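Per-entry structural report
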Amino acid sequence: MRKGTPRRHHRAGYVSYLLVVGTGLVLTVLMLAAYRASLSEQDIQVHSQLRIDYAEKEEAVLKAIVNLVPNRAMRAMQHQSDANSANRTPLQWTSIFSEALNQANARTSVSTATLNQLGVTGATILANSTDSALGTIGTIFDEIEIDPRGEIPVSPGINLTDGQLGPGFPTFLQWAGGNTKDWTYPIITNEKLYSSAAPGSPDRRFNVIPYPEIHFGYAEPGQPFVAKRNWWGFSMSIGEHDNIVKSYARGDASIGERDFVLSIYEIPSQLAISAEAFTKIGTHADGTPWQQANVEGGVFATRAQVDGSINLDRLSGRRGLSLEGGASVGDNTIDGNPFMPGVREQYEVTHGIFMPVYLSSESGRAAFVPINRGADFFDRFAHGNETSTISPTTWNNYSVGALQCAMQLDIIEISNPAIYGSSPINVRFSYMIGSNRESIEIPYPGSSSYSTEHSPRSLESGYVRVADEGQSYNFSQLVDVAYGANGKFAYHRGVTGTVSFNNTTFGDPNYGTFKAGYYRLALPQAMGADQLKSGKKCVVVYPERIPALLSRLGANSTVHPTHPNHSLVVNVDYTTSGLNNPSHMPSRTTPTPDIDYGVVLKECANLTGFTKGFSLVTNMRLYIGDDFNVVAASSPPAGSGLPAPFYPPTSLFAPEMRYGTDVDPFKVQLSGQMGHLGGDTAEDGPVHLLDLKLGSEQQAGASKINVNLRPITHPAELPPVTMMNWLVVIEEKKKEFYTGVGAN
């Protein structure tokens, strides 16, 4: 008999479908919320990455612009830059911006191979590139939005008044008729001027303006220095090209653009030491420390090695700087190599200022460009005519000191052209009357042709008719006389008493023509000839006599108040007949051969007759035969704030310089600034600026050299000819940082 398994009895229950559904809905909502939050976070991450990408891309573009613009500005000044569209187009702002995009690699997307490896296909926006040709430059770059001149590539900083572009822009320069050129090309020209000169300054080309807040200490950031600021404003938004503006691009929230100011500061050399060379500072070549050398302000060199116990206020360079021995820079000790990681940061945190040792490569959106033409700076005959230039100021006239000189003294004839180093017998002196150049030829005093010159040529300026052919005239003063007609004249120089104007006295300069006699007061002999004990033949220049010479020629400041005759170049004209052999050109090597001609400065202590200063440029060895510029002006320029005594600003440029002529001076004392144009030629070793040579070619002893060097602080201290540097800077104009109008 089978028995069944007894059944178990359970309590009765039920299933709530509402609870199950509700719980499921809650869990689903939570899952969706988490998923949505995850998507939002990913979207934020994408946007952030894109913002970082655009920021890095735009930074690379800005750095490329800094490198491109000075090159294009130079090319716009050079021969044939405006000859055809092939030459012009690469120099335009649109071409500069396009090339900057190329150099920044902004147009290049992620490679297909990389995308395949990442498993990314079909992306329309890539996190490291716009994935776009970026071909419409005018969409990415344009003028400042409120520029009243309309739609142009950039907003040039000329011919407007402060405030017309809004607050915070630099002071506008003035350039008559320059608008269209400057908004098409980056133009550097001497015709751009400040609206008013600095008090006491002779012109409006330079002013006293603040040094930019950058990490390159040619001057103290924010402090005044002497310069001219050329600038161009522009807006940039790479994302705007593909309508990726508000979400991803930075800048104005409404348009996605950022405003920038690109500046090229033209900086005349003004530091105590400005050397475009590998320079050793603090010691002589034999290792002896500088003994009586005081150096104020900053020092610049391409490369510099600072030795000894010298202290410098600031030190800046382009390629390398080193401090050795007991050398120091600034008021605070620099602990260790200033270019080792962490040293600079620790110094700046500790002292609250930039470390006063700088390399231009550290300054980010900035570039420092010394304008150094080397040996070409001294020789005006090494350059041909420049035509069809975009800028009205040509490159050679801007960068070659010899071409900037208003007065020119050229050796045009020598005693024996077949023999290198033969004595000069004829020179040509050229000067300015207003905007016109005049020239006279003067036989050398001491040469056989000086007192009587029979070679027929045109009548020189300043002569007055005094007699007909066959007549005589008695002169009570020393005069120069001429005899001839119709562009053919013979001359007698430095005569007095009775002069008979006939063929017997002068010869017949123009056969068969009725002639006449002319005279002018004898010209002061501001130029002459000399031969040193070594046998070196030299041209002698007497600067103190030049104002009287100009007065006799009608070219003085009384007749022409704006006359530019404050600078003189002395060269050999090796292009003329008899001197066209290149061997007659003074050597471009240093030291120059002793057989080359030299230039001697005498009677140069009092240069107050040059109201705008005096400069001399020569490609020959220069000898300082007397005290130079040791007589102060009656007072400093009015309103300049410069202290007395004030000496006329002067500059001397020569490949070599000697102190003394036949007798060596007991001591050499220098004040002002020193420089060098040798370039960074490491194979030649460093330049030693205070290794001075005397006229005897002996080295001046360290104890016999007394040097006080200081910077120029006002345009009134600038000499007529100076070296030039460019500082190129891009700064973002952020409205919140500006409270006023017309920052310099």
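Values in this document were obtained by computation on a predicted structure and should not be read as measured data.

All right, on to the sheet that holds strand E7 (residues 293–295) then. Reading across from one edge, E7-E34-E30 is the order of the 3 strands in this open sheet, with parallel pairing throughout. If you trace the sheet from one side to the other, it starts and ends with E7 and strand E30 (668–672), each paired once. Taken pair by pair, the neighbouring strands of this sheet meet at an average axis angle of 5°, ignoring direction. Alignment of E30 against strand E34 (residues 705–709), held across 5 bridges, turns out to be parallel. Its bridge partner being in E34, Gln669 is matched across the sheet by Asn706.

When we look at burial in helix H7 (residues 343–351), the residues that qualify are Val343, Arg344 and Tyr347. Taken down its axis, H7 places every buried residue within 95° of arc, on the same side. In H7, the exposed positions that point more than 90 degrees away from the buried face belong to Gln346 and Val349. For H7, the secondary structure elements touched by its buried residues are strand E12 (357–359). Just beyond H7, the residue with positive phi is Gly352, at close to 75°.

Cis geometry is adopted by the peptide bond preceding Pro645, which originates at Ala644 and carries an omega value of 0°. Residue position: Pro645 is located in the loop between strand E27 (621–624) and strand E28 (650–653). Its identity is not glycine, yet Gln80 carries a phi of approximately 70°, on the positive side. One can find Gln80 in the loop between helix H1 (17–75) and helix H2 (85–88).

Let us look at the layout of surface pockets. By volume, the second largest pocket amounts to about 1200 Å³. As for the second largest pocket, its lining consists of 34 residues, and the residues nearest its centre are Asp203, Arg205, Gln404, Pro564 and Pro720. Those elements that place two or more of their residues in the lining of the second largest pocket are helix H8 (395–399) and helix H9 (401–404). Here the residues of the lining of the second largest pocket sort into 15 nonpolar, 13 polar and 6 charged.

Turning our eyes to something else, we now look at the nonpolar core. Generally speaking, a soluble globular protein has its nonpolar side chains buried in company with each other. Counting residues in each nonpolar core, the largest one holds 71 residues, and the members touching the most others are Leu409, Phe429, Val541, Ile546, Leu568 and Val570. Val541 has contacts with Leu409, Ala526, Ile546, Leu568, Val570, Val599, Val600, Leu601, Lys602 and Leu616, leaving out every residue within four places of it along the chain. Counting residues in each nonpolar core, the second largest holds 46 residues, with Val69, Ile152, Trp183 and Leu718 among its members.

Right, let's get into the sheet that holds E28. In spatial order, the strands read E16-E15-E14-E24-E26-E28; together these 6 strands make up an open sheet with mixed pairing. Because the sheet does not close on itself, it has two edges, and the strands there are strand E16 (436–443) and E28. Each neighbouring strand pair of the sheet contributes to a mean axis angle of 15°, computed without reference to strand direction.

Here we come to helix H3 (residues 93–103). Among all positions in H3, only Trp93, Ser95, Ile96, Phe97, Ala100 and Leu101 are buried. At the C-terminal side of H3, Asn105 shows a positive phi close to 60°.

This paragraph deals with the packing of aromatic side chains. Here the structure, examined in full by the defined rule, presents 28 aromatic pairs. On the basis of an interplanar angle of 15° and a centroid distance of 5.8 Å, the ring pair of Phe169 and Trp231 is categorised as stacked. Pair noted here: Phe169 is in the loop between strand E2 (155–156) and helix H6 (179–182) and Trp231 is in strand E4 (residues 224–236), with a separation of 62 residues, a long-range link. As far as burial versus exposure is concerned, Phe169 and Trp231 are alike and both buried. Consider the rings of Tyr218 and Phe300, whose centres lie 6.3 Å apart with planes at 55°: the pair is tilted. Taken together, the positions of Tyr218 in the loop between strand E3 (207–210) and E4 and Phe300 in strand E8 (residues 298–306) put the pair 82 residues apart, joining distant regions of the chain. Both residues of the pair, Tyr218 and Phe300, count as buried. Taken together, Trp93, Phe97, Phe141, Trp232, Phe234 and Phe260 form an aromatic cluster joined through their ring pairs. The residue whose ring lies beneath Arg493 is Tyr491, and the NZ or CZ to ring-centre distance is 4.7 Å.

What follows concerns the pairing of strand E20 (residues 488–500). Two strands pair when backbone bridges link them, and strand E19 (residues 472–485) and E20 are joined in this way by 10 bridges, in the antiparallel orientation. Directly across from Phe475, in E20, lies its bridge partner Gly497. Where E19 hands over to E20, the hairpin turn is made up of 2 residues, of which Asn486 adopts a positive phi near 55°.

Conventions we followed
Residues numbered from 1 in each chain as written. Predicted model: local features only at pLDDT ≥ 70, side-chain atom pairs only at ≥ 80, totals over all residues. Heavy atoms only, no water. Pairing = 2+ DSSP bridges. Helix = DSSP H or I, 4+ residues; strand = E, 2+ residues; numbered from the N terminus. Axes fitted to C-alpha atoms, helices over the stretch in contact; angles between N-to-C directions. Buried < 20%, exposed > 50% of the residue type's maximum accessible area, 1.4 Å probe, protein only. Arc of directions from axis to C-beta. Contact = heavy atoms within 4.5 Å. 1 Å grid on protein atoms, 1.4 Å probe; cavity = no way out; pocket = protein on both sides within 12 Å on 5 of 7 lines; lining within 4 Å. Points joined across faces, edges and corners; volume = space filled by probe spheres on them. Nonpolar A, V, L, I, M, F, W, Y, C, P; charged D, E, K, R; others polar. Core = buried A, V, L, I, M, F, W, Y, C linked by side-chain atoms within 4.5 Å. Phe/Tyr/Trp six-rings, centres within 6.5 Å; stacked < 30°, edge-to-face > 60°. Lys NZ or Arg CZ within 6 Å of the ring centre and 35° of its normal.

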